[in-house]
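Inside the fold
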Amino acid sequence: MSRLSEGNIRLANEIIGRYPRPRSAMIPLLHLAQQQDGYLTNDAMVHIGELVGSTSAEVYGTASFYEMFKFEPVGKYLVNICGTLSCALMGSEELMHHAEHKLGVKMGGTTDDGLFTLEHAECQAACTEAPCLQVNYRYRFRVTAADFDSLIDDLSAGRLVDEIPAHGTVARVAQHIPRDRGVGAVPPESVTEAPVWLDGKAAL
Amino acid sequence: MTGTYAHAPGFIVGDRPKIVTSRFEYEDSYTLTRYLATDGYQGLRAALSRPANEVHDEVRTATVLGRGGAGFPAGTKWGLTPQGVYPRYLVVNGDESEPGTYKDRLLMERDPHQLIEGCLIACYAAGLSQCFLYIRGEMALAQERVAVALNDAYAAGYIGKNILGTHFSVDIVLHWGAGAYVVGEETALIESLEGNRGMPRLKPPFFPAANGLYGQPTIVNNVETLANLPWLMCNGAEAYTAIGTKTSPGTRMVAVSGHVKRPGVYEIVNGVTTFRDLLYKDEFCGGIRNDNELKAFVPGGGSAPWFTPDQLDLPFEGSQVGAAGSMLGSGAIMVMDETTDIPAAALTLTRFYAHESCGKCTPCREGGTWLERILSRVVDGKGTSADLEQLIEVGTSICPGDFPHASNEKLGLTAVPFPYKMNTICFVGPSAYAPVNSALVLFREEFEARIVKRHTIPVTAVGAAL
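As recorded by UniProt, the Sequence similarities (unreviewed entry) comment attached to chain B reads in full: "Belongs to the complex I 51 kDa subunit family."

Its UniProt record, at the heading Sequence similarities (unreviewed entry), says of chain A: "Belongs to the complex I 24 kDa subunit family."

Put into structure tokens, the structure is as follows:
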């Protein structure tokens, strides 16, 4: 149960500063908390509420709407197998059965060693490469049973740590707007004038 | 030249005009270096060399149709903002999640600077003072590539204060979702961007162009739509409209998946290329797998009513596809061959939409769930013939009246044109019914076969055992 670390508070404030209203930073901050702890702790959600000026109930209300946020620990590797039409047409159901057998858990379950959580996912936008899956949101395309086995073996042996970070980290690169280059966000009510470049003249 | 770029899995090249995928052939297409070496940010220069209203006019003249699903022209959309109300915002819809669709993901992963340049052109033309680039939460690589591109473009002076030394200044903020299909709907996207549950708003009054983000005029544009703008600014509306047809100019990215020999994402000439071309020509999918018979196909993403071989000669053009009873949607075709279990295929889509209902509108929240349950038991061979009527009844409570469907010569059906009427705020509810209705109208015998099977179990068995 942890609040955001000092480093993450700095990042959180940087993110909040980009929006005209702090509450817009809610989802990015929830990702930040999940990156820190692997899932969303109550303390982190209370802390996010303090940072963006919302109640913790509002933070939970938003967070609980979205599939990616987890409220209890999941495996280090979240394996999402797509089951929507294009993948279903190309054998995703068999792949899911195979995955359950290989990992010894049902869909939604986590292996005893805490390494893998298996989930039935909806369309992952890789429909021509069916059946597809994501491990912590990194793709594997046209996955056969043998591919699945070697993927699990590689992950278990720690061979893919450079490519696939532990659950919670989605993007490993963040946006940073240099202080001297950014325009800065202002609350909408403090702007009434048209942007200066709408002066009927060419800008260049 | 025909083939697949190994570094852009899914994308298949050919000798067709390329507007948005011209850099995909380079392995480093996502870098600023490559972008600048291939006319990058020249469209922005061209735009800034003209007054903003002229740039807007150019986009209007080109009739750049929205590539997200509704197909509304971008130039017209920009013009719907109320006079004199500021600030105005740009929200980029990169929350691509329609079943069967992926082109925005490729555009973000393979050419993020092109999208950024498109955003800048839109902001300049329509007087939008801040841009939020909303990327689907599950697209880790796209988020990383866009983040790097934004950081590089800021450092090089293409975004932020005094762009290219002018008085044009705008920030582009990378925002990302957390997994919710409905957020692809523009008002839900705005709710999500305000830090809320992503539930659609009523239109009216919440037409984003008038009353969007923070209640301000807001333009929501799809990634592919904006990616067209740099080319348009460099080459002009005349060159743009010379490709494709009058009603559907330019090109479109289309993903063809399922039972074809070469599933892939293709940039095709808009309005001209037919479904038969796409499915059968060697430069595209090369036919149905194992040379099987085509049974049905979804022409425009999971929400679209289905077509059968009767509709193969239709071009990829919105009004003709609409009159034929479906829609082009987000540019996604899913192909089912003769081996397909139609009720089970429909169930995967209905399950998707039932799962993704945000719960705001009762017909969708309850109806989607009931459609899934009933269909599920029919697929399992436990349905009754009353279930088939019940499916239609539930569907009609979501979409009153005749639901659009294709014509079919063999069945003696005439088309019911698009669009449908709906008792819900957004299209998620109707989308749960679309596959059920299509499957029931076009392949009813497959449903009845399952029910008949159930009735062959002797009902007297219970009595006999007593």
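With respect to the side chain of Arg145(B)
Residues and elements named next belong to chain B. Summarising the element assignment, Arg145 is placed in helix α7 (residues 140-155). It is Glu109 that comes nearest to the buried, bridge-free Arg145 among opposite-charge side chains, at 5.5 Å. At 2.8 Å, the side chain of Arg145 and the backbone oxygen of Glu109 are in polar contact. Those residues in contact with Arg145 that lie beyond four places of it in its chain are Tyr30, Met108, Glu109, Arg110 and Pro112.

What about the interface of chain A and chain B?
With 72 residues of chain A at the contact, the number on the chain B side is 93 residues. Regarding the contact of chain A and chain B, the summed buried area is about 6,500 Å², with carbon and sulfur atoms giving 61% of it. When the area that chain A buries against chain B is broken down by residue, the three leading residues are Phe65(A), Arg181(A) and Trp197(A), summing to 12%. We note a salt bridge from Arg138(A) to Glu144(B), for which the minimum N-O separation is 2.7 Å. One can count 41 residue pairs in polar contact (both at pLDDT 80 or more) joining chain A with chain B. Here the side of chain A that touches chain B is built from residues that sort into 39 nonpolar, 18 polar and 15 charged.

Re the nonpolar core
If you look at the biggest cluster of nonpolar residues, it comprises 89 residues, and the most contacted ones within it are Leu29(A), Leu30(A), Trp306(B) and Met336(B). Per element, the largest residue contribution to this core is eight residues, and it comes from helix α16 (residues 428-442) of chain B. Counting 79 residues, the second-largest nonpolar core is a separate cluster that includes Tyr5(B), Val64(B), Ala126(B) and Leu128(B).

Digging into the pattern of salt bridges
Enumeration according to the criterion identifies 39 salt bridges over all chains in this entry. A salt bridge links Glu144(B) to Arg172(A); its shortest N-O distance comes to 2.9 Å. Here Glu144(B) is found in helix α7, whereas its partner Arg172(A) is found in the segment after α7 (145-156) on a different chain. Between Glu138(B) and Arg136(B) there is a salt bridge, and its shortest N-O distance comes to 3.1 Å. Among the charged side chains, a network of salt bridges with common partners joins Arg67(B), Lys103(B), Asp104(B) and Glu224(B).

As for the packing of helix α13 (residues 342-356) of chain B against α16(B)
All names here are of chain B. Contact pair α13 / α16: the axes reach a minimum separation of 8 Å and the direction vectors enclose 175 degrees. The angle between α13 and α16 places the two elements in the roughly antiparallel class. The residues of α16 that touch α13, namely those facing Ile342, Ala346, Leu349, Thr350, Tyr353 and Glu356, are Val428, Ser431, Ala432, Pro435, Val436 and Ala439. Of the residues that constitute the contact of α13 with α16, the class distribution is nine nonpolar, two polar and one charged.

A few points about the layout of surface pockets
A volume near 590 Å³ is recorded for the second largest pocket. Contributing elements (two or more residues each) for the lining of the second largest pocket: β1 (77-82) and β2 (116-121) of chain A together with α13 of chain B. Partitioned by chemical class, the residues of the lining of the second largest pocket number 14 nonpolar, nine polar and nine charged.

Notes on the domain arrangement of chain B
Residues and elements named next belong to chain B. What the domain assignment reports for chain B is domain 1 (19-241) and domain 2 (341-452). Each of domain 1 and domain 2 was reduced to a C-alpha centroid, and the two centroids are 35 Å apart. Contact residues are listed per partner, giving 12 residues for domain 1 and 10 residues for domain 2. When the two sides are added together, the surface that domain 1 and domain 2 hide from each other amounts to roughly 1,000 Å², 76% of it contributed by carbon and sulfur. The three residues of domain 1 that bury the most area against domain 2 are Tyr181, Met199 and Pro200, which together make up 50% of that side's buried surface. Between domain 1 and domain 2 we count zero salt bridges in total. Joining domain 1 to domain 2, the criterion identifies three residue pairs in polar contact (both at pLDDT 80 or more).

Each value, and the rule that gives it
Residues numbered from 1 in each chain as written. Chains lettered and ligands numbered in written order. Predicted model: local features only at pLDDT ≥ 70, side-chain atom pairs only at ≥ 80, totals over all residues. Heavy atoms only, no water. UniProt positions renumbered as here; feature names shortened; annotations may be inferred. Helix = DSSP H or I, 4+ residues; strand = E, 2+ residues; numbered from the N terminus. Buried < 20%, exposed > 50% of the residue type's maximum accessible area, 1.4 Å probe, protein only. Lys, Arg positive; Asp, Glu negative; His and termini not counted. Salt bridge = Lys/Arg side-chain N within 4 Å of Asp/Glu carboxyl O. Polar contact = N/O pair within 3.5 Å; in protein donor to acceptor, adjacent residues only side chain to side chain. Contact = heavy atoms within 4.5 Å. Buried area = accessible area lost by both parts, 1.4 Å probe. Nonpolar A, V, L, I, M, F, W, Y, C, P; charged D, E, K, R; others polar. Core = buried A, V, L, I, M, F, W, Y, C linked by side-chain atoms within 4.5 Å. Axes fitted to C-alpha atoms, helices over the stretch in contact; angles between N-to-C directions. Parallel < 35°, antiparallel > 145°, perpendicular 65-115°, else oblique. 1 Å grid on protein atoms, 1.4 Å probe; cavity = no way out; pocket = protein on both sides within 12 Å on 5 of 7 lines; lining within 4 Å. Points joined across faces, edges and corners; volume = space filled by probe spheres on them. Domains from an automatic or database assignment.

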